[in-house]
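# Observations on the three-dimensional arrangement
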Amino acid sequence: MSRVAVVTGGTRGIGAAISKQLKAKGAKVAAIYAGNDEAAKAFNAETAIQVYKCDVTNAELCASTLKTIEAELGPVDILINNAGITRDAMFHKMTLQQWQEVLNTNLNSLFNMTQPVWGGMRDRGFGRIVCISSINGQKGQMGQANYAASKAGEIGFVKSLAQEGAAKGITVNAICPGYINTDMMKAVPEKVLNERIIPAIPVGRLGEPEDIARCVAFLTRDSAGFITGATLSANGGQYMV
Ligand code: CAA
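First things first, this report covers the structure right here in the doc. (Residues numbered from 1 in each chain as written. Predicted model: local features only at pLDDT ≥ 70, side-chain atom pairs only at ≥ 80, totals over all residues. Heavy atoms only, no water.)

Strand order in the open sheet formed by seven strands is S3-S2-S1-S4-S5-S6-S7, with parallel pairing between adjacent strands. Here the strands that pair on one side only, and so sit at the sheet edges, are strand S3 (50-53) and strand S7 (231-234). Each strand of the sheet is rotated relative to its neighbour by a mean of 20 degrees, with strand direction disregarded. As defined by bridge partners, strand S2 (residues 28-33) adjoins S3 across four bridges and the pair is classed as parallel. Residue pairing for S3: Tyr33 is matched across the bridge by Lys53. Where helix H1 (residues 13-24) meets the sheet, its contacts fall on strand S1 (4-8), S2, strand S4 (78-81), strand S5 (127-132) and strand S6 (170-177), and the angle it forms with S1 comes to roughly 170 degrees. (Pairing = 2+ DSSP bridges. Helix = DSSP H or I, 4+ residues; strand = E, 2+ residues; numbered from the N terminus. Axes fitted to C-alpha atoms, helices over the stretch in contact; angles between N-to-C directions. Contact = heavy atoms within 4.5 Å.)

This paragraph deals with helix H4 (residues 96-124). Between its first and last C-alpha atoms H4 spans 41 Å; for 29 residues at 1.5 Å apiece the expected length is 42 Å, and the two agree. Along H4, the sharpest change in direction is near 45 degrees and occurs at Asn108. Two residues or fewer past H4, Gly125 is found with a positive phi of approximately 70 degrees. (Expected span 1.5 Å × (residues − 1). Bend = angle between axes of the 7 residues up to and from the residue.)

Assignment of secondary structure puts Thr65 in helix H3 (residues 59-73). Ignoring sequence-local partners within four residues, the contact set of Thr65 consists of Ile32, Tyr52, Lys53 and Cys54.

Let us now look at the nonpolar core. Val6, Ile32, Ile69, Val76, Met113, Ile129 and Val172 are the most contacted members of the largest nonpolar core, which totals 27 residues. Where this core is concerned, the elements lending two or more residues are S1, S2, H3, H4, S5, helix H6 (145-165) and S6. With five residues, the single largest contributor to this core is H4. Beyond its immediate chain neighbours, meaning those up to four positions away, Val172 contacts Trp118, Ile129, Val158, Leu161, Ala162, Thr228, Gly229 and Ala230. Residues Val7, Leu22, Val29 and Ile180 belong to the second largest nonpolar core, which totals 24 residues. (Core = buried A, V, L, I, M, F, W, Y, C linked by side-chain atoms within 4.5 Å. Buried < 20%, exposed > 50% of the residue type's maximum accessible area, 1.4 Å probe, protein only.)

Spelled out as structure tokens, the structure:
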């Protein structure tokens, strides 16, 4: 059976790799993006994956976009909450705006995107939800009090929802990527990247988006029904829990 999958932040970086991987596994994929029309257009031209513009911080827009997707592709079986941003600053320099932007995009979006599909998954007795958290939600990170709080919150969300969904055939899992070779890394000063971050990764390199996409493919298979509430680390050995 062809499953319908929604991927937020699905046209760039880790999300783009996830969208492609799920399509390759036979899913009908809807890739949601926030604002970069050019990248979304190029992604659609390259992959033929349908793209939908939607700000995941806007609850009403999420609900209406998901309605449109369900009308066009069918009921949502797989949801990948991947959209995320950083606004890194040492806490003594962090502004309220930096705090709120990160919490709204990374954490509040989980409610906005998940609640509209949750009832349908419960009714149909099947669902696969994967939230892309972070190594820094597990271990904390200087300069990321906002981001680490949002990503640790995501793990709490996953563990709670996993308990609610278990009897209804819905699995809810978190993946905690380490440092991955995407646009997000461009905000990290080169000196910090080369002298602090890469030397701390035992495999000696950044991860690639496909490293994470393969984890998503594994967790969203129909046959993965016994894995729920899990936190899968994919970080090159940088942090072992
Ligand atoms: N690991 C280790 N040390 C770090 C560090 C890191 N990730 N980030 C900063 N530091 C250290 C710096 O090397 C520096 O140390 P020294 O004073 O000994 O040289 C100290 O912290 C202060 O850093 P800056 O001089 O750069 O101070 P700043 O105020 O100009 O900037 C900062 C601070 C905004 C945190 C900046 O250093 C930065 O962006 N660091 C990267 C933070 C980071 O790791 N972000 C993760 C981005 S990727 C991501 O978020 C995806 C994911 O899920 C993993």
